[in-house]
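Reading the structure
Here are the chains, one letter per residue:
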Amino acid sequence: MEREFLEEFGKLVEGGMILCLGCGDGRELRLLQRKGLGVDIFPSNIILSNSLGIKTMLADMLSLPFKNEVFSGVLALQSLEYIPVRLTREVLTEIYRVLKPHGIVLFSLEKTPGSEVDKDFNYIYEDEYVRVKKHFHRGWGREGLRIINELFKVLKLSKDEDYYYVIALKG
């Protein structure tokens, strides 16, 4: 489902500049084969994505170092799950700020396991060989989706077992 949404996003943004939040190794920008910029808070991800030909910079999505209305599209795939619930409006407002009028956003939002309520949690992974407490995550639910609907016009919303996928327009 993520690939389908990514392809649709690419068509909607056309030739505009894309910002990828929490870009990791730059996979999404490589898949789009598009002019774009990735930001991440981990220096190792910046080094990796730059080595793979993706222009990236160290930045925090809660305080993006860009002027207002710079990007035609913003991607946040599997990255907003690292923002605490209490900062939901702040991060979405920052995304709104850097997006051009009628710009497009694509979000993949990890759902709260077993409920429709926004919630902070930690993963624990366990199998017969290893038990690992993973990093902080937040789950998205009704309240986070409501705030998205306040700031953006949702064009498409789908979900699978683990994620919500949202394509929306800055009105």
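Up top is the structure these notes are about.
Here goes a summary of the coordinates provided. Keep in mind that what you see is a predicted model, and the values were worked out from it rather than measured.

1. Some points on the packing of helix α4 (residues 88-98) against helix α5 (residues 142-151)
Where α4 meets α5, the axes come as close as 10 Å, and the angle between the chain directions of the two elements is 30°. Classified by the interaxial angle, the pair formed by α4 and α5 is roughly parallel. Here α4 and α5 pass one another in a crossing that is right-handed. From α4, T88, R89, L92, T93 and Y96 reach across to α5, where they touch G144, R146, I147, I148, E150 and L151. Partitioning the contact of α4 with α5 into residue classes produces five nonpolar, three polar and three charged.

2. What about the pairing of strand β5 (residues 99-110)?
Within a regular strand, side chains alternate between the sheet's two faces. The buried fraction of β5 amounts to nine of the twelve residues, a majority that puts the element mostly inside the structure. Relative to β5, strand β4 (residues 71-77) runs parallel, the two sharing six bridges. Bridging from a neighbouring strand, L77 pairs with S108 of β5. In this region the chain leaves β4, passes through α4 and returns to the parallel neighbour β5; the handedness of that crossover is right-handed. Bridge analysis of β5 against strand β9 (residues 163-170) gives seven bridges, and the strand direction is antiparallel. Bridge pairing in β9 places V105 opposite A168.

3. Some details on the pattern of salt bridges
Counted by the stated rule, this structure contains twelve salt bridges. Note that E4 and K156 form a salt bridge whose closest N and O atoms lie 2.9 Å from each other. In this pair, E4 sits in helix α1 (residues 2-13) while K156 sits in strand β8 (residues 152-159), placing the two residues 152 residues apart along the sequence. When its relative accessible area of 23% is taken as the criterion, K156 is described as partly exposed. Of the charged contacts in the structure, one is a salt bridge between K170 and E69, with a shortest N-O distance of 3.5 Å. Within this pair, whereas K170 is found in strand β9, its partner E69 is found in the loop between β3 (56-58) and β4, the two being separated by 101 residues in sequence. You can call E69 partly exposed: its relative accessible area is 42%. Within this structure, R89, E143, R146 and E150 form a network of salt bridges that share partners.

Quick notes on the rules
By convention here, each chain's residues receive numbers from 1 onward along its written sequence. Residue-level local features of this predicted model are given only where pLDDT is at least 70; pairs of side-chain atoms are given and counted only at 80 or more, and the full residue set underlies all totals for whole chains, interfaces and linings. Only hydrogens and water are set aside; all other atoms, that is, all heavy atoms of the structure, feed into the side-chain values. Geometry is summarised by axes, namely lines fitted to C-alpha atoms with helices restricted to the contacting stretch, and by angles between N-to-C directions that run from 0 to 180 degrees. Helix and strand definitions follow DSSP, with helices as H or I runs of at least four residues and strands as E runs of at least two, each counted in order from the N terminus. These descriptions rest on fixed angle ranges, namely under 35 degrees for roughly parallel, over 145 for roughly antiparallel, 65 to 115 for roughly perpendicular, and the rest for oblique. A clockwise turn of the near helix away from the far one marks a right-handed crossing, whereas an anticlockwise turn of less than a right angle marks a left-handed crossing. When checking whether two residues touch, look at their non-hydrogen atoms; a contact exists if any pair is within 4.5 Å. Gly falls in the polar group here, along with every residue not listed as nonpolar (Ala, Val, Leu, Ile, Met, Phe, Trp, Tyr, Cys, Pro) or charged (Asp, Glu, Lys, Arg). Exposure is judged per residue with a 1.4 Å probe applied to protein chains only, and the accessible area is read against the type maximum: over 50% gives exposed, under 20% gives buried, and values in between give partly exposed. At least two bridges found by DSSP between two strands is the condition for calling them paired. Call a crossover right-handed when, viewed with both strands pointing away from you, the route from the first strand across the helix to the second goes clockwise. Whenever a carboxyl oxygen of Asp or Glu lies within 4 Å of a side-chain nitrogen of Lys or Arg, that contact is scored as a salt bridge.

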